Amino acid sequence: MIDDMQNTAVAELDPREPNEEGVPKENPEYPAQHDHQQQPTEAVPEENAIARLIVKRAGAETDVEFPVNSPCIIGRFDPSVGPIDIDLASLPEGSYVSRKHAKFHLVDGVWMVKDLGSSNGTFVLRDDFERVEESEIANGTEIALGNARFVFKLS
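Draft legend 1. Quick peek at the nonpolar core. The biggest cluster of nonpolar side chains holds 24 residues, and the ones touching the most others in it are Leu88, Phe104 and Phe150. Of all the secondary-structure elements, those providing two or more residues to this core are β3 (51–57), β4 (60–68), β5 (72–75), β7 (102–107), β8 (110–115), β12 (142–145) and β13 (148–154). Once you skip the residues sitting within four places of it in the chain, Leu88 turns out to touch Phe66, Ile74, Gly75, Arg76, Gly94, Val97, Leu145 and Phe150.

Given below as structure tokens:
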């Protein structure tokens, strides 16, 4: 591209062109669409979060949690699939989570979890873990995405 004001050649970067690691290159002219390296928070979730997913391991809640707003897509970020709201790729259990695994959303004031065609399923703990296509969830509901276990908490 030629800059008409200065008659100099200007390199035009494609904001979607990945680097060696497959991550889109940063370009200050194009704001990032997704923070692909989202890390779980250990502090209180953001002020606008109205729910949290707390990672559960070995039967106990951990200090790893993710803020949840409605609607919220949870999975593992992949540039070929597009952005998600909660990226579980950093978790050891994340390898069993699909790229777009589940959606959390409010319907008439009731929280719902909906499986998005995941390979390893979305489960809600009732008497035992039950695989669901869509299910109502409430404060304290235990949820499994593949083998990643969480407790859903209202903030």
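Draft legend 2. Region of the structure containing the sheet that holds β4. Ordered by their spatial adjacency, six strands build an open sheet running β4-β3-β13-β12-β9-β10, and the pairing between neighbours is antiparallel. Across the chains shown, the open sheet's two edge strands, defined by having one partner strand only, are β4 and β10 (129–131). The sheet shows a mean angle of 30 degrees between the axes of neighbouring strands, taken without regard to direction. Across six bridges, β3 lies against β4 in antiparallel orientation. Of the residues in β4, the one forming a bridge with Arg57 is Ala60.

Draft legend 3. Molecular detail of the environment of Trp111. As for its placement among the helices and strands, Trp111 is situated in strand β8. Look at Trp111 and you get buried, because its relative accessible area is 6%. Each C-alpha atom of the pair Trp111 and Ser135 lies 8.6 Å from the other, and the pair is 24 residues apart in sequence.

Draft legend 4. Up close: the packing of aromatic side chains. This model, assessed by the stated rule, comprises two aromatic pairs. Between Phe104 and Phe152 the ring centres are 6.3 Å apart and the planes differ by 5 degrees, which places this aromatic pair in the stacked class. Here Phe152 lies in strand β13 and Phe104 lies in strand β7, a separation of 48 residues in the sequence. The residues Phe104 and Phe152 share a single accessibility class, namely buried.

Draft legend 5. A look at the pairing of β7. Bridge analysis of β5 against β7 gives three bridges, and the strand direction is antiparallel. Bridging across to β7, Ile74 finds its partner in Ala102. Linking two consecutive strands that pair antiparallel, namely β7 and β8, is a turn of two residues; a positive phi of about 50 degrees is found at Asp108 within it.

Draft legend 6. Broad picture of the sheet that holds strand β11 (residues 134–137). In spatial order, the strands read β6-β5-β7-β8-β11; together these five strands make up an open sheet with mixed pairing. If you trace the sheet from one side to the other, it starts and ends with β6 (86–87) and β11, each paired once. As defined by bridge partners, β7 adjoins β8 across six bridges and the pair is classed as antiparallel. For His105, the partnering residue across the bridge sits in β8 and is Met112.

Draft legend 7. Here's a closer look at the side chain of Lys56. With respect to the helices and strands, Lys56 occurs in strand β3. A relative accessible area of 15% means that Lys56 is categorised as buried. Look past the residues within four positions of Lys56 in its chain and what remains in contact with it is Glu61, Glu142, Arg149, Phe150 and Val151.

Scoring rules and cut-offs
- Residues numbered from 1 in each chain as written.
- Predicted model: local features only at pLDDT ≥ 70, side-chain atom pairs only at ≥ 80, totals over all residues.
- Heavy atoms only, no water.
- Core = buried A, V, L, I, M, F, W, Y, C linked by side-chain atoms within 4.5 Å.
- Buried < 20%, exposed > 50% of the residue type's maximum accessible area, 1.4 Å probe, protein only.
- Helix = DSSP H or I, 4+ residues; strand = E, 2+ residues; numbered from the N terminus.
- Contact = heavy atoms within 4.5 Å.
- Pairing = 2+ DSSP bridges.
- Axes fitted to C-alpha atoms, helices over the stretch in contact; angles between N-to-C directions.
- Phe/Tyr/Trp six-rings, centres within 6.5 Å; stacked < 30°, edge-to-face > 60°.

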